[in-house]
Amino acid sequence: MSDLIFNVDHITLRFGGVVSLNDVTLHQNRGEILAVIGPNGAGKTSLFNSLTGVYQPQEGSITFTGKDAKPLSVIGKKPHRVSNAGVARTFQASRMFSALTTFENIKIGAESHRGIGVVGAMLRSPATRRDERDSDERTKALLDFVGLRAKANVISSSLSYGDRRRLEIARGLATGPQVLLLDEPAAGTNPSEKLELTTLIRKVRDEMGVSILLIEHDMKLVMSLAERLYVLNFGSVIAQGTPEEIRANDKVIEAYLGSTATETGDRS
Ligand SMILES: Nc1ncnc2c1ncn2[C@@H]1O[C@H](COP(=O)(O)OP(=O)(O)O)[C@@H](O)[C@H]1O
Ligand SMILES: [Mg+2]
């Protein structure tokens, strides 16, 4: 029996005359580390936006199935509804609150998800206080998990790129997701930070059981991390397979791997 966390069936997304996604079909198995690669403008971020309820493809269907949950038909659902169902993401451009500390940034992720709003915090009912203790504990556990405990009280804007990327992953995990969507998690990092991020992402899957869907320009990183890949070009899937199969695919080499921009780490 197949156990799909995402089932994307023939989706097409248009903006006026621009076709961002053209009849895209793909699936992700539960527990899988899956990557989507392709040149700039291929539709990778559009795909993530479609999977998270930000964009609404005009055709096709997207089904997300959380553990023990009813399948959710994503198209037409609001982003917070998709997030509550168990889909977390990080963004290509960092979206943290840079004036807050590492600890505060993660805690906000945990609390906004659980609906502890401003009113709850003001009233400070026993339930709110218990929730607050819970989210403090959860935040500390996540800091340990991503290796940022020692930097809990550092203002986020002064973290290194590598640490910011860890923080974003922790923020995504704070919502307790089934799947984590990472949009270029290694952008701006140096080779040793890239290696550490690879280890962390694998640990998220192995120890937390969270499925990973990854967009990444760095071929070395993506080929060492992903168990399976899809290749997008001009909005269409031109290939899918294991890293070995993708490396040997002529269409991919022509569309993507042959381009020098990708090898030098162009990340726009
Ligand atoms: N909100 C939008 N409005 C208009 N066009 C868009 C929008 N989002 C994406 N596109 C277009 O969709 C195509 C794919 O873009 P994108 O998904 O960002 O590619 P990638 O992430 O692979 O670089 C581009 O031609 C882009 O201009
Ligand atoms: Mg993009």
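Residues numbered from 1 in each chain as written. Chains lettered and ligands numbered in written order. Predicted model: local features only at pLDDT ≥ 70, side-chain atom pairs only at ≥ 80, totals over all residues.

1. Some points on the overall build of the protein chain
Formally: By definition, any uninterrupted DSSP run of H or I lasting at least four residues is a helix, any uninterrupted run of E lasting at least two residues is a strand, and each is numbered from the N terminus. C-beta atoms are first placed from the backbone for all residues, and any pair lying within 7 Å is then listed as a contact.
Helix and strand counts for the protein chain come out as eleven helices and ten strands. By sequence separation, contacts in the protein chain at least 24 residues apart represent 67% of the contacts at least 6 residues apart.

2. Overview of the site of ligand 1
Inclusion rule: Proximity of a residue to a molecule or strand is defined by its backbone-placed C-beta atom lying within 6 Å of that partner. Gly counts as polar in this scheme, as do all residues outside two lists: the nonpolar Ala, Val, Leu, Ile, Met, Phe, Trp, Tyr, Cys and Pro, and the charged Asp, Glu, Lys and Arg.
All residues adjacent to ligand 1 are Phe-15, Val-18, Ser-20, Gly-38, Asn-40, Gly-41, Ala-42, Gly-43, Lys-44, Thr-45 and Ser-46. Mapped by element, the contributors of at least two residues to the shell around ligand 1 are β2 (18-29) and α1 (44-51). The element best represented in the shell around ligand 1 is α1, accounting for three residues. In terms of residue class, the shell around ligand 1 is made up of three nonpolar, seven polar and one charged.

3. Describing the sheet that holds strand β10 (residues 236-241)
Selection criterion: Any two strands between which DSSP finds at least two bridges are classified as paired. Think of each axis as a best-fit line through the C-alpha atoms, taken over the contacting stretch in the case of a helix, with angles from 0 to 180 degrees between the N-to-C directions.
Read across the open sheet, the six strands follow the order β6-β7-β8-β3-β9-β10; overall the sheet is mixed. With partners counted over all chains shown, the strands left at the sheet margins are β6 (87-89) and β10, one partner each. Neighbour-to-neighbour, the strand axes of the sheet open up by a mean angle of 20°, direction not taken into account. Sheet topology note: the strand β9 (residues 228-233)/β10 ladder contains five bridges and is antiparallel. Across the sheet, Leu-229 pairs through a bridge with Gly-241, a residue of β10. Across the sheet, α1 is in contact with β3 (33-37), β6, β7 (179-183), β8 (211-215) and β9; its angle to β7 comes to roughly 150°.

4. Let's talk about the nonpolar core
Selection criterion: For this analysis, nonpolar core means a set of buried Ala, Val, Leu, Ile, Met, Phe, Trp, Tyr and Cys residues linked through C-beta atoms within 7 Å. Counting other C-beta atoms within 10 Å of its own, a residue is labelled buried from 20 upward, exposed at 12 or fewer, and partly exposed in the gap between, with every C-beta atom placed from the backbone. The split of the chain into domains comes from an automatic or database domain assignment.
Judged by nonpolar contacts, the single largest core of 63 residues is most densely connected at Ala-170, Leu-180, Leu-181, Ile-212, Leu-214 and Val-231. Here this core gathers at least three residues from each of two domains, domain 1 (1-86 + 177-268) and domain 2 (98-175).

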